Amino acid sequence: MVSIYTYLARRGLKRCLWLLPCLVVTFVRADDYEAQFNQWFAVQTNMQNWSADFVQTRSLMALSQPLESHGKIWVRPGQFRWELGQPPQTIVVRNPGELLILYPHFKRAEIYALDKIPPGPIKDAMALMDVSIPRDRATLDEHFQLLSATITNSVLQMTLQPKSASARQFVSEVVIGFHTNDYIIAGSEMEFSDSSTLRNNFTNVVFNQPMSPELFATNIPPDYSVVEPLNQ
């Protein structure tokens, strides 16, 4: 069987989580960021779903320049859909028991049954996908340790470290950023154990609007080749 760590890293599963001309950075006192952070969680409580445009930047040690792509995301509890590229070059659909990755250009689909991922770094790292944009403080505190908080041009950035040593073999840090005036998410970033990073900057964020169930459907076009890497 193909090593799941090697396979997922090679296939770019890192896709599935602020560079400004002038940066004004302020380190936040503990009592200040606690109040802001708790207010952000209060906003999450009323959120049924959200969608946004995003710019994704991947920085790799082997490349002198970051890779930048534009896309769209739709999120509701237990589910999300990413479309990366315009037109989409990669589509990722996450449902409670399954992760589907579509590559329209190659007419290829990959299906990952989440209950088949063996215990270890990848399983723990996949679990972080559900809590990296948490809906309550208890869920975050269960999985992450808060390392630091800074305000950069009115965006509060919380740097978190996975508590699981196994997860840290894959994801070393997670950053969540949100605007301090309206508590809307501004961006997220993951730093991986190989020092590569994956950053998403969100714009045009929309909350609690009707979403078609088809967004999260796992229908695969009949002319696509289908593989299930966890069964190989």
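Please read all numbers here as calculations on a predicted model, not as lab measurements. (Residues numbered from 1 in each chain as written. Predicted model: local features only at pLDDT ≥ 70, side-chain atom pairs only at ≥ 80, totals over all residues. Heavy atoms only, no water.)

Draft legend 1. A look at the nonpolar core. Ranked by internal contacts, the top residues of the largest apolar core, which has 21 residues, are Trp50, Ile73, Trp82, Phe202 and Val205. For this core, the elements supplying multiple residues, two or more each, are strand S2 (50-59), strand S3 (67-76), strand S4 (79-84), strand S6 (98-103) and strand S12 (197-207). The next biggest cluster of nonpolar side chains, apart from the first, holds 19 residues, and it includes Phe170, Val174, Tyr183 and Met190. (Core = buried A, V, L, I, M, F, W, Y, C linked by side-chain atoms within 4.5 Å. Buried < 20%, exposed > 50% of the residue type's maximum accessible area, 1.4 Å probe, protein only. Helix = DSSP H or I, 4+ residues; strand = E, 2+ residues; numbered from the N terminus.)

Draft legend 2. Just the environment of Lys72, in detail. You can see Lys72 is positioned in strand S3. Of the residues examined, Lys72 reaches a relative accessible area of 24% and is grouped as partly exposed. Considered as a pair, Lys72 and Gly85 are 13 residues apart in the sequence and their alpha carbons are 8.5 Å apart. Setting aside chain neighbours within four positions, we find Lys72 in contact with Ser51, Ala52, Asp53, Phe54, Arg81, Trp82 and Glu83. (Contact = heavy atoms within 4.5 Å.)

Draft legend 3. Fine view of the pairing of strand S10 (residues 171-179). The buried count for S10 comes to seven of nine residues, which makes it a mostly enclosed element. Two strands pair when backbone bridges link them, and strand S9 (residues 155-162) and S10 are joined in this way by six bridges, in the antiparallel orientation. Looking across to S10, one finds that Thr159 is bridged to Val175. Both S10 and strand S11 (residues 185-192) contribute to a ladder of seven bridges, which runs antiparallel. Residue Val175 lies in a different strand from S11, and its bridge partner there is Glu189. Between S10 and the antiparallel strand that follows it, S11, lie five residues; Tyr183 among them carries a positive phi value of about 65°. (Pairing = 2+ DSSP bridges.)

Draft legend 4. Structural detail: the pattern of salt bridges. Going through the model one piece at a time under the given rule, you end up with five salt bridges. When the shortest N-O distance is used, the salt bridge between Glu110 and Arg108 registers 3.2 Å. For Arg108, a relative accessible area of 23% translates into the label partly exposed. (Salt bridge = Lys/Arg side-chain N within 4 Å of Asp/Glu carboxyl O.)

Draft legend 5. View of the side chain of Glu83. With respect to the helices and strands, the residue Glu83 is situated in strand S4. Within the local environment of Glu83, its side chain forms a polar contact with the side chain of Arg81, the two groups lying 3.0 Å apart. Sequence-distant contacts of Glu83, that is, excluding residues within four places in its chain, are made with Phe54, His70, Gly71, Lys72, Trp74, Pro88, Thr90 and Ile91. (Polar contact = N/O pair within 3.5 Å; in protein donor to acceptor, adjacent residues only side chain to side chain.)

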